[in-house]
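Observations on the three-dimensional arrangement
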Amino acid sequence: MSNENLPISKTLSSTSNSFLPTIKISPSSFSSSDWMVYFNSKFVILAATLFPGIGCYACIAYTYLFQFDKIVNFASDHCNGTMSYIPPVSYSIGVWKPQKFFWLSVLMLHVPPRMIYVDLCIKFFLRGPNATNSDNYYFYILLSIHRFLMHLEIWALVGVSIFDIEYNFLIHATFFGFWLASFNFNMLFNIILQYQSGINETVSKYYTLFKIRKFIFIVGCPISLTASASYVYYLKSCKDLAYVTFSVTEYATVGINSLFYLLSYIDADNMNLDISVVPSVSGKSKNVVCAV
């Protein structure tokens, strides 16, 4: 099969590290031996956005419902064991069992679709009329940074989950800091890119979603940053209120994260994800992933 005769799609490959067009092969080019799977992009978005929030809140709910003795007897590892009926998320998902195993299972199911979700988001911004403007070079710079930070957010969450608070507090806190910072910057870049791409001018619902995203960012950014600031203040002051504030804002940040990205579910009208394995010229298999 010669590549010269293949039509070119303006979609992005989820295995590509650049914003180059990918080869899209028409269904008529496949033989009966070819393997192909079709996914609705909305399914990928649900798995990529809802799994962490639902999984995290499920672990917290399990702790309160079936292990309330842990809540009653909980004491912080710092400041001579501060007592609190609202322990941080890190204990429910990373220390106490069986919640820890459930969370790691959720994470395993979450990461692959989340990596695909990154490219679906990038493709959404490239739909905008301003994306084809050759003078809009800073748009592609922001797009590249946003792509990097979205991947950083994924692997920071993995790091937080693997290196739990009992294993090493400093490593755990560092990954949490990366996750929190990348999430806030991703919200900001998402809003900027949606505005700069001009996609708000194409369909009225995009402008409505744009305003909702701005509202979530305006509310969510201070809440998430309060989580970080209150914990640092707690370590220095050992005040109970600071510790409770950290836990409450951390709980809220989990939901804000899922809600912000879940809005992409509405963006993804008429978008499908086609995954196929096609024989190449050399006889080896070649993966082709297209979001259309």
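All values derive from a computational prediction rather than experimental measurement.

**Brief notes about the overall build of the protein**
Within the protein, the secondary structure is distributed over nine helices and five strands. Along its sequence from the N terminus, the protein presents helices and strands in the succession β-β-β-α-α-α-α-α-α-α-α-α-β-β. Once local pairs closer than 6 in sequence are excluded, the contacts in the protein between residues at least 24 apart make up 70%. Surface exposure of the protein reaches about 14,600 Å², of which carbon and sulfur atoms provide 67%.

**Overview of unusual backbone geometry**
Looking along the chain, the bond that leaves K97 and enters P98 is cis, with omega of 10 degrees. Mapped onto the elements of the fold, P98 is located in the loop between α3 (89-94) and α4 (99-126). Not every positive phi belongs to a glycine, and C238 is a case in point at roughly 60 degrees. Residue classification places C238 among the partly exposed residues on the basis of a relative accessible area of 36%.

**Focus on the state of the cysteines**
Under the counting rule described, the total for this entry stands at one disulfide. With its sulfur 2.0 Å from that of its partner, C79 forms a disulfide with C238. Between C79 and C238 the disulfide shows an S-S torsion of about -75 degrees. By sign, it is left-handed. One end of the pair, C79, is in the loop between α2 (68-72) and α3; the other, C238, is in the loop between α7 (204-237) and α8 (240-262), and 159 residues separate them in sequence.

**Let's talk about the packing of helix α6 (residues 169-197) against α8**
At their nearest, the axes of α6 and α8 sit 12 Å apart, and the two run at 40 degrees to each other. The orientation of α6 with respect to α8, classified from their angle, is oblique. Once α6 is placed against α8, the crossing between them reads as left-handed. Listed contacts from α8 to F176, W179, L180, F183, N186, M187 and N190 of α6 are F246, E250, T253, I256, N257, F260 and Y261. The residue makeup of the contact of α6 with α8, split by class, is nine nonpolar, four polar and one charged.

**Things to note about the packing of aromatic side chains**
In this structure the tally under the stated criterion is 26 aromatic pairs. Taking the centre distance of 6.0 Å and the plane angle of 55 degrees together, the rings of F183 and Y261 count as tilted. A residue pair is termed long-range when its members are at least 10 positions apart, and F183 in helix α6 and Y261 in helix α8 qualify at 78 residues. In this structure, F183 and Y261 share a single accessibility class: buried. Seen from the ring of Y261, R114 lies directly overhead, with NZ or CZ sitting 4.4 Å from the centre.

**Description of the UniProt feature "transmembrane region" (unreviewed entry) in the protein**
Cross-referencing UniProt, the feature "transmembrane region" (unreviewed entry) maps to residues 43-65, 138-163, 169-193, 214-235 and 241-263 in the present numbering. A helix fraction of 100% and a strand fraction of 0% characterise residues 43-65, whose end C-alpha atoms lie 30 Å from each other. Helix makes up 100% of residues 214-235 and strand 0%, with an end-to-end C-alpha separation of 32 Å.

**Topic: the nonpolar core**
If you look at the biggest cluster of nonpolar residues, it comprises 64 residues, and the most contacted ones within it are C56, Y91, W103 and Y117. Contributing elements (two or more residues each) for this core: α1 (41-66), α3, α4, α5 (137-162), α6, α7 and α8. With 11 residues, α4 is the single largest residue contributor to this core. If we skip the residues at most four places from it in the chain, Y117 touches V44, I45, A48, T49, M150, Y261 and S264.

Rules used throughout
Per chain, the residues get numbers from 1 upward, laid out in the order the sequence is written. Only residues with pLDDT of 70 or above have their local features reported here, since the model is predicted, and side-chain atom pairs are shown and tallied only from 80 upward, although totals for entire chains, interfaces and linings are computed over all residues. Side-chain figures throughout are based on the complete set of non-hydrogen atoms in the structure, without hydrogens or water. Put simply, DSSP marks the helices as runs of H or I at least four residues long and the strands as runs of E at least two long, and each gets a number from the N terminus on. Between two residues, a contact is recorded if the distance between any of their heavy atoms is within 4.5 Å. Using a 1.4 Å probe, accessible areas were evaluated by the Shrake-Rupley method; residue-level cover was limited to the displayed protein chains. With a 1.4 Å probe rolled over the protein chains alone, any residue whose accessible area is under 20% of its type maximum counts as buried; one over 50% counts as exposed, and the rest are partly exposed. Disulfides are defined as pairs of cysteine sulfur atoms found within 2.5 Å of each other. Inter-axis angles, ranging from 0 to 180 degrees, are taken between N-to-C directions of lines fitted to C-alpha atoms, where helices are fitted over the stretch in contact. What sets the label is the angle itself: under 35 degrees gives roughly parallel, over 145 gives roughly antiparallel, 65 to 115 gives roughly perpendicular, and the rest give oblique. Two helices crossing with the near one rotated counterclockwise from the far one by less than a right angle form a left-handed crossing, whereas a clockwise rotation gives a right-handed crossing. Each residue is assigned to one of three groups, with Ala, Val, Leu, Ile, Met, Phe, Trp, Tyr, Cys and Pro labelled nonpolar, Asp, Glu, Lys and Arg labelled charged, and all others, Gly among them, labelled polar. Note on ring pairs: Phe, Tyr and Trp rings are taken, using the six-membered ring of Trp, and paired if centres are within 6.5 Å. Classes follow the plane angle, with under 30 degrees stacked, over 60 edge-to-face and the rest tilted. Sitting over a ring, as applied to charges here, requires NZ of Lys or CZ of Arg to be within 6 Å of the ring centre and within 35 degrees of the ring normal. UniProt positions are given in the numbering used here, feature names are shortened, and annotations may be inferred rather than shown by experiment. Put simply, buried Ala, Val, Leu, Ile, Met, Phe, Trp, Tyr and Cys residues joined by side-chain atoms within 4.5 Å make one nonpolar core.

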